[in-house]
Amino acid sequence: MELKVTTLAGKDAGKLKLSEEIFGLDPREDILHRVVRWQLAKRQQGSHKTKGRAEIARTGAKMYRQKGTGRARHSSARVPQFRGGGKAHGPVVRSHAHDLPKKVRALGLKHALSAKAKAANIIVIDDLALKDGKTKVLVDNFAKLGLTNALMIGGAEIDAGFKRAAANIPNIDVLPVHGINVYDILRRGTLVLSKAAVEALEERFK
């Protein structure tokens, strides 16, 4: 599979051959779903919490005598049926993360890249670098490339000027190649890869 390489200004910069093993697979929705579900579960905070009867600051003395009142027999005022009592079976602080094999995660990334390639939503740019670091210049460049909703993947390190300029543009995400993930690929319309990112991905999946 060959793709045209462009500059950030939209000029032709040759062609690049992409690996069929990474960008040429037939995308499977079940694998993509598993990986996205794993990602979202892992980042869930899980800090929701209510107090149980053991955590309520209230006297432990018996409410009233056992017999002779004509009322139900109660001991503690901390129980859930009373106002101010503990919550029965309430949520506790926990991790929502679950395991997913490394091979499935790697396969999910390949299928996400292949899905973008199949839909012709991949653009390869020779270098994601901007000298001035001006948002206006980058907006003009994106207009030439037709980018309004995109994930930009650079090399091992993102150019500081480019990162600063892109930070103010809505619906544009910028990540280094080691931060590439299935969820971010699928949530943006276009995937923009630098040549360094393509080389790093092919090296990673050798």
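Note that residues are indexed from 1 along each chain, following the sequence as it is written. At least 70 in pLDDT is required for a residue's local features to be given in this predicted model, at least 80 for side-chain atom pairs to be given and counted, and no such filter applies to totals for whole chains, interfaces and linings, which use all residues. To get the side-chain values, take all heavy atoms of the structure and skip hydrogens and water.

## A few points about the packing of helix α2 (residues 29–43) against helix α3 (residues 102–118)
Applied cut-off: Each axis is a line fitted through C-alpha atoms, taken for helices only over the stretch in contact, and angles between the N-to-C directions span 0 to 180 degrees. Put simply, DSSP marks the helices as runs of H or I at least four residues long and the strands as runs of E at least two long, and each gets a number from the N terminus on. Less than a right angle of anticlockwise turn of the near helix away from the far helix marks a crossing as left-handed, whereas a clockwise turn marks it as right-handed. Contacts are assigned to residue pairs with any non-hydrogen atoms lying within 4.5 Å of each other. Under the scheme applied, nonpolar residues are Ala, Val, Leu, Ile, Met, Phe, Trp, Tyr, Cys and Pro; charged residues are Asp, Glu, Lys and Arg; polar residues are all the others, including Gly.
The contact between α2 and α3 brings their axes to 9 Å, and the two run at 115°. As for how α2 packs across α3, the hand of that crossing is left-handed. Counted together, I31, L32, R34, V35 and W38 of α2 and V104, R105, L107, G108, H111 and A112 of α3 form the full contact between these two elements. A per-class count over the contact of α2 with α3 returns seven nonpolar, two polar and two charged.

## Looking at the layout of surface pockets
Over the atoms a probe the size of a water molecule is rolled, and this reveals where empty space is left. Short version of the rule: Throughout, the protein atoms alone are placed on a 1 Å grid, and a set of points is a cavity if a 1.4 Å probe fits but cannot get out or a pocket if it is open with protein on both sides within 12 Å along at least five of seven lines; lining residues have an atom within 4 Å of a point. Grid points are joined across faces, edges and corners, and a volume is the space filled by probe spheres set on the points.
Approximately 200 Å³ is the volume attributed to the largest pocket. Around the largest pocket, the lining residues are V35, W38, Q39, K102, R105, A106, L109, I180, N181, V182, R204 and F205. Of all the secondary structure elements, the ones that give two or more residues to the lining of the largest pocket are α2 and α3. For the lining of the largest pocket, the element with the most residues is α3, which contributes four residues. Each residue belonging to the lining of the largest pocket can be placed in one class, and the counts come to seven nonpolar, two polar and three charged.

## Details of unusual backbone geometry
Outside of glycine, negative phi angles account for most residues, and trans bonds account for most peptide bonds. Positive phi, close to 55°, is recorded for H89, a residue that is not glycine. Its location among the elements puts H89 in the loop between α2 and α3. The phi dihedral of A120 is positive, around 60°, even though this residue is not glycine. Structurally, the position occupied by A120 is in the loop between α3 and β3 (122–125).

## Looking at the environment of G85
If you trace the backbone, G85 turns up in the loop between α2 and α3. A sequence separation of 79 residues divides G85 from T6, and the C-alpha atoms of the two residues are 66 Å apart. Among all residues touching G85, those that are not within four sequence positions of it are I56, R58, A77, R78 and V79.

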